[in-house]
Amino acid sequence: MDALRHIPQVSKLLQDFKDYPQELAKRAIREVLEQVRKEIREGRRKSLEDLKDLIERRIKELFSTSLRRVINATGVVINTNLGRSPLAREVADFIREIAIGYSNLEYDLEKGGRGSRLSHVEGLLKDLTGAEGVHVVNNNAGAVYLVLNTLAFGKEVVVSRGELVEIGGSFRIPDIMRASGARLVEVGTTNRTRLSDYERAISSETVLLMKVHRSNFYMEGFVEEVQPEDLLRLGLPLYYDMGSGSLLNLRELGIRTQEPSFVEGIKRGIHILSGSGDKLLGGPQAGIILGKREFIEKIKKNPMSRALRIDKLTLAGLEMTLRLYIRGDYEKIPTLRMLLQKPEEIKRRALRLSRKLRSLEGFEIRLVREVSRCGGGALPELSLETYCLGLRHKGLSPVELEKKLRNSDPSIIARIKDDMVLLDMRTVEDRDLTDILKALKLLEV
Ligand SMILES: *Cc1c(COP(=O)(O)O)cnc(C)c1O
């Protein structure tokens, strides 16, 4: 308790931080002193030795941005907490170019008059998917709302009980349905829904059948669902919320998955499809709506389209991402590259890092074969073979080590398994390796 009396006054401490903006320094000092007093009272602190270091660190924290780069060593490729899909370098460069100047966002350069912001991606999406109509909004949750609000306000929409999913971040199909003004009619059971269930549920009030992709879970066993082809035979418009918005048939690229793609959906004749821009598509956050012209035109005219419209930076990112697809440059799209990586490639990167770390004192480092997940509401059934570096530290428990890595600059986000901190090399990029080395060097004993 003696230490309490020796805590210097704020004004006194402030003199040591004259080079910083004084308001910021004052705030940092107050916060640190409050924390230090609490620690002393709780018997967790005796000395004031590190007071100035703590204040300096706090000032620096207050100075730096809140949003910052982190190293994703979780192996979860579309990591919702860590920002879902990272963008290709070319895409980011293009966003920058559009961001810092003026652009022809809504200006038709040929006519010299007003143009449409969607014109920049409409043609590309039609070419890539074969869709007649294209609309793009802020995100897929917005897209689902807009489709239902436009086509089914005050009317009934039939959905299988097995597809009433929750996506996380409070997005649940029954809730968004209610918010859109459409009336949900549930059919079938959790695990089995048949065509006859839909048939029986259809009334004069039914205007739409809806299918929702089970993007973050999968069912095995006694399961039955109705394929879009069969639903189309019932003669009502069919809307398929595909969730992950894949532009490619991933099976053709060697990924064993049931994940539906936009191209397949259009080919099957589904009237309206929607999906995210920043899941499997690997672009910026966006809600992509594709389908038959008559429906898409109606959806575009909904006044809520304006409220949900796509921002110009997102649009720039989406255009350039789609151009990478047109060129067949899939390797440049980080999400696809990380998913399609061969285990041997990941192993090679793991070994490269482990060689760099060999001389570190105080660490035990091992190559560990593991599985990683796609995450972010896509490919839930898939376990991807991966390689991790497993770390143990002489002086720190795995929990402490994980925390130290999380608090390093840049943060390294890892997972703990079997008493080891695992750095999953699937999602660690080459440019991250030096930062990891730097962070671990600071923890040498
Ligand atoms: C992810 C997802 C959504 C929400 O998409 P956002 O782009 O996150 O708004 C909606 N439906 C399904 C099936 C999803 O997987």
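Residues numbered from 1 in each chain as written. Predicted model: local features only at pLDDT ≥ 70, side-chain atom pairs only at ≥ 80, totals over all residues. Heavy atoms only, no water.

A count of helical and extended segments in the protein chain gives 18 helices and 17 strands. Referenced to the eigenvectors of the C-alpha coordinate spread, the extents of the protein chain come out at roughly 80 × 50 × 45 Å. Classification of the 445 residues of the protein chain by burial places 50% in the buried group. Restricting the contact set of the protein chain to residue pairs at least 6 apart, pairs at least 24 apart contribute 73%. Put simply, the protein chain has 75 plus and 64 minus side-chain charges, and the middle of one group is 2 Å from the middle of the other. (Helix = DSSP H or I, 4+ residues; strand = E, 2+ residues; numbered from the N terminus. Buried < 20%, exposed > 50% of the residue type's maximum accessible area, 1.4 Å probe, protein only. Contact = heavy atoms within 4.5 Å. Lys, Arg positive; Asp, Glu negative; His and termini not counted. Charge placed at Lys NZ, Arg CZ, Asp CG, Glu CD.)

Structurally, the protein chain comprises domain 1 (2–61), domain 2 (70–82 + 338–441) and domain 3 (89–332). For domain 2 versus domain 3, the distance between C-alpha centres works out to 33 Å. Contact between domain 2 and domain 3 buries roughly 1100 Å² in total, counting both sides, with carbon and sulfur atoms accounting for 70%. Summed over the shared surface of domain 2 and domain 3, the result is zero salt bridges. The tally of links from domain 2 across to domain 3 stands at zero residue pairs in polar contact (both at pLDDT 80 or more). Classifying every residue of the side of domain 2 that touches domain 3 by side-chain character gives eight nonpolar, two polar and two charged. (Domains from an automatic or database assignment. Buried area = accessible area lost by both parts, 1.4 Å probe. Salt bridge = Lys/Arg side-chain N within 4 Å of Asp/Glu carboxyl O. Polar contact = N/O pair within 3.5 Å; in protein donor to acceptor, adjacent residues only side chain to side chain. Nonpolar A, V, L, I, M, F, W, Y, C, P; charged D, E, K, R; others polar.)

Taking 1.5 Å of rise per residue, the 13 residues of helix 7 (residues 140–152) would be expected to cover 18 Å, and the 17 Å separating its terminal C-alpha atoms lies within 8% of that figure. Across the 13 residues that make up helix 7, a large majority, 11, are buried. Taken together, the buried positions of helix 7 are occupied by Asn140, Gly142, Ala143, Val144, Tyr145, Leu146, Val147, Leu148, Asn149, Leu151 and Ala152. (Expected span 1.5 Å × (residues − 1).)

Soluble globular proteins tend to bury their nonpolar side chains together. If you look at the biggest cluster of nonpolar residues, it comprises 59 residues, and the most contacted ones within it are Val136 and Leu318. Per element, the largest residue contribution to this core is seven residues, and it comes from helix 14 (residues 312–326). Here this core spans two domains, and each of domain 2 (70–82 + 338–441) and domain 3 (89–332) adds at least three residues to it. Excluding residues that lie within four positions of it along the chain, Leu318 makes contacts with Val121, Val136, Leu281, Pro284, Ala286, Ile288 and Ile310. Listed in part, the 27 residues of the second largest apolar core include Val157, Ile173, Met177 and Ile289. (Core = buried A, V, L, I, M, F, W, Y, C linked by side-chain atoms within 4.5 Å.)

Before going further, it helps to spend a moment on the sheet that holds strand 12 (residues 287–291). Backbone-to-backbone hydrogen bonds pair the strands of a sheet. The strands run either parallel or antiparallel. Taken together, the seven strands give an open sheet; going across it, the order is 4-12-11-10-9-5-8, and neighbouring strands pair in mixed fashion. With one partner strand each, in any of the chains shown, strand 4 (133–137) and strand 8 (183–187) form the two edges of the open sheet. Each strand axis lies, on average, 20° off the axis of its neighbour in the sheet, ignoring direction. In the sheet, strand 11 (residues 272–276) pairs with strand 12 via five bridges, with the strands oriented antiparallel. Within strand 12, the position partnered with Ser276 by the bridge is Gly287. (Pairing = 2+ DSSP bridges. Axes fitted to C-alpha atoms, helices over the stretch in contact; angles between N-to-C directions.)

What follows is about the environment of Arg183. Its location among the elements puts Arg183 in strand 8. With sequence-adjacent residues up to four places away left out, Arg183 is seen in contact with Gly154, Lys155, Glu156, Val157, Met177 and Glu205. Separated by 3.0 Å, the side chain of Arg183 and the backbone oxygen of Gly154 make a polar contact.

In this section: the sheet that holds strand 16 (residues 415–417). Read from one edge of the open sheet, four strands run 13-14-17-16, paired in antiparallel fashion. Of all strands in the sheet, those with a lone pairing partner are strand 13 (363–372) and strand 16, marking the two edges. When strand polarity is set aside, the average angle formed by the axes of neighbouring strands in this sheet is 40°. Note that strand 13 and strand 14 (residues 384–393) share 10 bridges and pair antiparallel.

Looking at where Asn140 falls in the secondary structure, it is placed in helix 7. Of the residues examined, Asn140 reaches a relative accessible area of 6% and is grouped as buried. At 2.9 Å, the side chain of Asn140 forms a polar contact with the side chain of Ser274. Here Asn140 is in contact with Asp241, Gly243, Ser274, Gly275, Ser276, Ala286 and Gly287, once residues within four sequence places are set aside.

As a matter of local geometry, the ligand sits amid 13 residues, with Arg84, Ser215, Asp241, Ser276 and Lys279 nearest to it. The separation between an oxygen atom of the ligand and a polar side-chain atom of Arg84 is 2.7 Å. A distance of 3.4 Å separates an oxygen atom of the ligand from a polar atom in the side chain of Asn139. About the coverage of the ligand: the protein hides 95% of its 380 Å² of free accessible area. Breaking the shell around the ligand down by element, the ones donating at least two residues are helix 7 and strand 10 (238–243). When grouped by side-chain class, the residues that make up the shell around the ligand number four nonpolar, six polar and three charged. (Near = heavy atom within 4 Å. Areas by Shrake-Rupley, 256 points an atom, 1.4 Å probe, with all protein chains shown as cover.)

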